[in-house]
Every structure is written in C-alpha cells, then in structure tokens.
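What follows is each chain in one-letter form.
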Amino acid sequence: MPSPESQANPLAAPVTSVWGVGEERARLLARLEIFTVEDLLLHKPRRYEDRRKFLTIRELKLNEPATVRGQIIAAGRKNFRKGTRSMFECVLDDGTAHLYLRWWQAQPWMEDYYVTGREFLAFGKTDSLRPRTFEHPETEFIEPGDDEFIHVNRIVPIHPLTEGLNARAMRGLVWRALEKYGGAITEPFGVPPSGGPRAGEPPKGGTPNLPGRANAVRMIHFPEELTDVEFARQRLALDEFVELQIQIQSRRKKFEASAKALPCSGDNHLIKPFLAQLGFKLTTAQTKVLREIRADMGSAHPMRRLLQGDVGSGKTAVAACTALMALESGYNVALMAPTEILAEQHFRNFTRWLEPLGVKVEMQTGSKKTDENGGWKREDGKGARPSTLHPPSSIFIGTHALLTTGFTIPRLGLVIIDEQHKFGVAQREQFVRKGNYPHLLVMTATPIPRTLGLTLYGDLDLSTIDEMPAGRGVVKTFIRASDKLPKVWDFLRQKLAAGRQAYVVYPRVEENADGLKAVTKEFDTLKKNLTPFRVGLLHGRIKAADKEAVMADFHANRVNVLLATSLIEVGVDVANATVMLIENAEAFGLAQLHQLRGRIGRGAHESFCILISDVKKPDSLERLKVLEETTDGFRIAEADLKLRGPGELLGQQQSGLPRFRFGALVNDLWLVRQARDIAVSIVAAKD
Ligand code: ADP
Ligand code: MG
C-alpha cells in the first residue's frame, strides 16, 4: 500500500518503482543511502566524461587523464612471485595505437568480462607512453542496445558506485527515473525559475538566474555543456539552504511569538562603579556591542545574540557588563564555560570584580560548588531555600554541570555561554529552556566564516568585537623543524630568565601508536631540561583539584612553564606568559592553533609562538604558514574551512550542521544569503 506521503509526493515512492530495480538492486542502492526515487534523482555525480569526441590512443599525453574508446584484442591473467600474486592485463586497440590496461590484482570475473572483440571505454592516466599504459583504469563495456545513446556521444555522469553496481547500470537507472518522474519534480518554495544568462557567478544584486528545479535535476546528470553542471548544482544547493533557513526562521518566529522578555536593561547603578574600578577603558568596539546588547535586554523579545570576537578582544568584560545589566534589574545570571579551568578563572575574575559591588558569585562545576544550596533550588523541592533570593541577585558560574544537575536557578534573567563553539547547538537550546526564556548571550572566539554563521546561527543576532585593546605586545610566529629544538629551548630559557612564562603544548596526553608527542611522557625530560625553572603539568585526566592548584601556581608565577594539551586552548588568561611552544603542530587545526596562540600576547611584552613540525607535504606546510602570515582570526578560519571542511573547523558543533548533497559552504555565501531572504519572506507570509 502506498504511504500517504508517496500519494502526495510521487518522488517519495520506493526506488523499486524505477524499472530495473528489484530487491537485489534495492539492497545495493541502500548502501549508497538511496531508498526513494528522489534519493536516486539527487544522487550527485562525482565526475563527468565528455564522450562526444574521444581522444585517440595515439593522442594520449603523459599524466593527463582521458577517456579512450577501443576494442580488446588480447586479454589475460599473469601470475608471478611463484603464483602468489597475479595481475590482469588487456590490450585496447582503436586503430591508431595500442593501450595496455593493467590491474595489479586479478579478479576472478575479469576473464569473463574483458573478452577479446568487445568494445570498451577506458578512463585513466598514462604514466608511461612506451608502451602506453593505464593502471587500474575505470572501464565501461559498450553493450550494443537501445539505450546506447545514454552512454555515448554525450556528456555522461559517473556517479558514486558500490560493488555490484557499475557506472553504466547506475546511469541507466537515473535516466529511467528521470524519464518516469522528471515531470513530478516541482518548485519547492515557489522560487522564480528563469532562463536568463547562464553564469556560475553570483549576479550583481537581484534574484540569481538559476534554472528551475526540474531542469536542474536533469542538468546535474545529463548536462548539455560542462558549464551547466555548476549552474545546476547552485540551484539544488539553494533549495537545500532554503529548506534549512525556513526551519531556522520558523523556530525564531515561534520563539518571538511565545516568549516574552524579562526587563533586564538595568539602570547603571552597578556598571558605573564596575567600570570605574576595572583598570582599563573599554574599547570602542566593546562599547558598541554593549549598546546592541542593552537594546536587546530592554526589548519585547528575549535576546538571542552571538558575540564574536577574536581571542583576546575582551569578551569577558563585555560579559560582565551584560551580567550587571540583569543583576541591576534584580535578576540572576548564569555563566557557562566549556572547561573547569575556564569556569574557575571566570569565578576568580567575577568574584574580584563583582563582590565589592554586593553581588554574590557562586560556582558550580562537576567537581565543585561553592555552597550546597547557594541560591539553588532542587527541582524535586528538597533542600530548597525559601524564595527570598532577591535581592541581592547572584551570578552562577559553572561548566555544563549547570545544565546536567537537578537544579534550577530562580529568577534567571540571563544566560551567558562562553566559547559557544565548544558546546553543541542542542546543548544551547537545552540550557536556555531551563529558565523562563532568559536573555541569551553566546560568545565565541572561533571566528565563524559568514556562510557558517548564517547556517548555524541563523536564529541569532550577531555582534562583533572587531578591535583589540591597545597596548598589546606583538606576537611573532615561527615554524621550525624539530632538529632546531635545542636552539628553541635556549631561547625559551632566556625568556624565562627574563621573568616571563611559557606554555609548551603537545597533542597527546599519553603516547600511542600515532607517534605524536604526549605530555605525560615528556614531563620529566622537560623538567630536567628546564632546571631551575619550574614546570607544571596540565591535561584532561588530571584531578580537578590538582588542575586548579597548578593553574593557581601558574597565575602566581610559582610555576614558570605550563606543559599542557590543547585543554588550555580556551580562555586561559595569564598576561606574563609570552612564549607558546607547540610540538607536532601539524596535528592541530588552524583555528585551534590560533586559539592556542591567543594565550600569549596578552600583556605589554613581545610574545613568540613557535610551531614545531617536520611535515614535508607542501599543503600541510602551507596550512601552517597561514599562521606565520596573519593573526587575523577570520582569515585563518576561512583558510581552515577551505582546507579541512566545516566539520573539522567546528569540532563538536558539527552536530548542528546538516549534511548537504549540493551545498558547499566554503563557496556558497551568496546562495546562503539568497536562501535566507527567500526563507524570511516565506515564513513572514505564513500565518
Ligand atoms: P577573550 O575575548 O579572548 O575572552 P578576555 O576577555 O580574556 O579575551 O580579555 C583578554 C585580556 O584583555 C584580559 O586580561 C582583559 O582583562 C584584557 N582587556 C579586556 N578589555 C580590555 C580593554 N578595553 N583594555 C585593555 N585590556 C582589556
Ligand atoms: Mg574568553
């Protein structure tokens, strides 16, 4: 019985409704995550072959991939190494010359398939012209038949395949699916289709002249010209982005309709004395974002704002001022950090800053809380304090334990999430639901390329601190091979002797097979190497109390060198530390290295970031060189996105990122923008 969905949408029919797909093929297609007709229609080719005109075998050039067409004139298996290994070879003749096709592992089926007299296409690259040879080519048997026109004399798609399903068979299935169902492909969002000029580039303003969806689906498989492919991809990507943006915008609209804001813009009676004793003047950028925040905190809808600012741009001070607005208004505040070390540091700073103003600062991490009931109310009612909490109001600082424990914070007016990129999108939602729609400020130092920002944080407003506090020392970055380490250690000792401090970072806690350096293994060596200076050890498997002790020692310069994993990547703020030495630097992402580098250059002294790496591959080296060349977090993030893709850049956060078949976030900013505009008008029209 057809499901209701397939009645409404013929494309939702199971793939077995395409002629030629039985149980067996359906099983093969399922391996490619093709279950419905639509999945098959959207199965994106991995490359194309222009089979309108073939190169002759004689014309083949060394190392240039090409497709040739010819007849097999000899084929056979050859055994060697006393019959333990075998290879298969055939000779293809197109009348101009011979081409050897060679596979280094003979398969049993080859003898029955590559039969003398049969005609084949072969795609490959010659690494030798004497004789001309393709090693492990992709081949396609030209079977005479009605459907030959699908496979030759045109540009043909080569789809991702699975064992048991070859390119020709897959192409036939897609063709038949298009024949039968092409007419059922509709315009999903009423996006105006158009003929218009064909261009892969975004048009200057206005709706892009992209093909209609049905046309685009046809073109992505069977383009008339190769230039059509990108055009079709953009159209299909746009549809994906619109679908996602509609979800984002609807969520936002629903939220705005149902959530009433708590009045939290404050009256300055705490901020004034706070700023007076802070010891520095806020930068213009900090002041600007605070204005944006204050407007939100006093508006009809709860704030949903992302605060972006490069490492060291001073987000904590902005967080403190924001907290004070809510506190002034008589509401409590929660501040969440991704690590205990960072939560501790915030606790220390906020205690120092806010307690003189009469604000209570509380701590709650997995391993520690300041006060059993300190303002918290258990959801089960046990141990609840009488509801006399306000005033004065409190700020609660913690890790994700803030959301996993059974506590709720009464009169919660504001939630601040620091280093948001370390939390998943889902966690963010979970946390906000704890209160009665508190205002939300999320902060991140991972500068998010605009495309990702719009995609991941489309439901948040964006503020950016685009200026560094004045009076910072310069940070110099160097890449060095490990044979230069003795010199590097000398340099480090000099800086320590001058009273500065340093971080030394290795990628692993413990050694394993990958050969990367591990902190636990290097600790003793380092201590000896750096005597008389004191070395502290910090990594994720150390007990919380010990972590805290070593951080306190480092803050007080009782420990001069902190040996650590990338655990210190976020937040740690010690102005006297001026050297960051990272070994096996190639094992880290660029954004992560930039974060680590952000730990230095926080005081007036000149700082040095030294990346040790023995990578030889030009692209790995080039990647690291980006750091030598720039300290601009946005440029680094763009480079990381291009080099490693969004998953790597965002770490855990990728949980919030859908997989796109056609969308390529790296290049599709203009499409994401279009999609957002389209979605906004669609959602606004819906009621
Ligand atoms: P991040 O944005 O990376 O969280 P922090 O908030 O840790 O940066 O700030 C980095 C350092 O800069 C801190 O020591 C902080 O006290 C200092 N700072 C912040 N704002 C200013 C300012 N306007 N002028 C001078 N120093 C500042
Ligand atoms: Mg910070």
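Within each chain, residue numbers correspond to sequence positions counted from 1 in written order. Lettering of chains starts at A and numbering of ligands starts at 1, both following the order in which they are written. Where local features are concerned, this predicted model is filtered to residues with pLDDT of at least 70; where side-chain atom pairs are given and counted, the filter is 80 or more; whole-chain, interface and lining totals use all residues. Only hydrogens and water are set aside when side-chain values are computed; all heavy atoms of the structure are taken into account.

1. As for the site of ligand 1
Then, number 1: Near residues are defined by distance, with any heavy atom within 4 Å of the molecule or strand qualifying the residue. The full set close to ligand 1 counts 16 residues, and Gly312, Lys315, Thr316, Arg472 and Asp573 are the nearest of them.
Then, number 2: At a separation of 3.5 Å, a nitrogen atom of ligand 1 approaches a polar backbone atom of Thr283.
Then, number 3: Contact between ligand 1 and Gly314: an oxygen atom at 3.1 Å from a main-chain N or O atom of the residue.
Then, number 4: Per-residue accessibility takes into account occlusion by the displayed protein chains alone, with areas from the Shrake-Rupley method and a 1.4 Å probe. Compared with its free state, where it exposes 560 Å², ligand 1 has 85% of that area covered by protein. Pairing of N or O atoms within 3.5 Å defines a polar contact, subject to two protein rules: one partner must be a possible hydrogen donor and the other a possible acceptor, and residues neighboring in sequence count only if both atoms are side-chain atoms.

2. A word on the environment of Pro108
Then, number 1: Numbering of helices and strands runs from the N terminus, with a helix taken as a DSSP run of H or I at least four residues long and a strand as a DSSP run of E at least two residues long. Inspection of the secondary structure assignment puts Pro108 in the loop between strand S4 (98-103) and helix H4 (110-113).
Then, number 2: Relative accessibility under 20% of the residue-type maximum defines a buried residue, over 50% an exposed one, and the middle range a partly exposed one, all with a 1.4 Å probe and only protein chains included. Pro108 gets classed as exposed once you look at its relative accessible area, which sits at 66%.
Then, number 3: With 20 residues separating them along the chain, Pro108 and Phe88 place their C-alpha atoms 9.8 Å apart.

3. Quick look at the sheet that holds strand S14 (residues 394-398)
Then, number 1: Spatial strand order, S12-S14-S11-S16-S17-S10-S18: seven strands in an open sheet with parallel pairing. Where the open sheet ends on each side, the last strands, each with one partner, are strand S12 (360-364) and strand S18 (461-465). Strand-to-strand, the axes of this sheet are offset by a mean angle of 20°, without reference to chain direction.
Then, number 2: DSSP calls a pair of strands paired once it identifies at least 2 bridges connecting them. Bridging between strand S11 (residues 332-336) and S14 involves four bridges; their strand directions are parallel. Bridge pairing links Val333 to Ile395 in S14.
Then, number 3: The contact rule is simple, with two residues in contact once any of their heavy atoms fall within 4.5 Å. Lines are fitted to the C-alpha atoms to define the axes, a helix being fitted only along its stretch in contact, and any angle between axes, read from their N-to-C directions, falls within 0 to 180 degrees. The strands touched by helix H10 (residues 284-297) are strand S10 (304-309), strand S16 (412-417), strand S17 (439-444) and S18; relative to S18, the strand with the most contacts, the crossing angle is about 160°.

4. Considerations on the pattern of salt bridges
Then, number 1: Definition used for salt bridges: Asp or Glu carboxyl oxygen within 4 Å of a side-chain nitrogen of Lys or Arg. Enumeration over the complete set of coordinates arrives at 36 salt bridges.
Then, number 2: Between Glu135 and Arg102 there is a salt bridge; the shortest N-O distance is 3.7 Å. Here the residue Glu135 occupies a position in strand S7 (residues 132-135), and Arg102 occupies one in strand S4, the gap between them amounting to 33 residues.
Then, number 3: For Asp147, the salt bridge goes to Arg168, with nearest N and O atoms at 3.7 Å. Highlighted residues: Asp147 in the loop between strand S8 (138-141) and helix H5 (148-151) and Arg168 in helix H6 (residues 167-181), separated in sequence by 21 residues.
Then, number 4: The class of Asp147 is partly exposed, set by a relative accessible area of 26%.
Then, number 5: Note on Arg168: relative accessible area 10%, which makes it buried.
Then, number 6: A network of salt bridges, in which partner residues are shared, links Arg46, Arg47, Glu49, Arg51, Glu138, Glu140 and Arg171.

5. A look at the nonpolar core
Then, number 1: With 56 residues, the main nonpolar core has Leu29, Leu40, Leu41 and Phe241 as its most contacted residues.
Then, number 2: Among the elements of the structure, helix H2 (23-31), helix H3 (37-41), H6, helix H7 (213-221), helix H8 (227-258) and helix H22 (669-685) are those that each provide at least two residues to this core.
Then, number 3: The element contributing the most residues to this core is H8, with eleven residues.
Then, number 4: Once residues lying within four places of it in the same chain are set aside, the contact partners of Leu29 are Val15, Val21, Ile34, Leu165, Met170 and Leu173.
Then, number 5: The term nonpolar core refers to a set of buried residues drawn from Ala, Val, Leu, Ile, Met, Phe, Trp, Tyr and Cys, joined through side-chain atoms within 4.5 Å. Core analysis: the next-biggest nonpolar cluster, separate from the first, contains 45 residues, Leu307, Ala317, Tyr331 and Ile395 among them.

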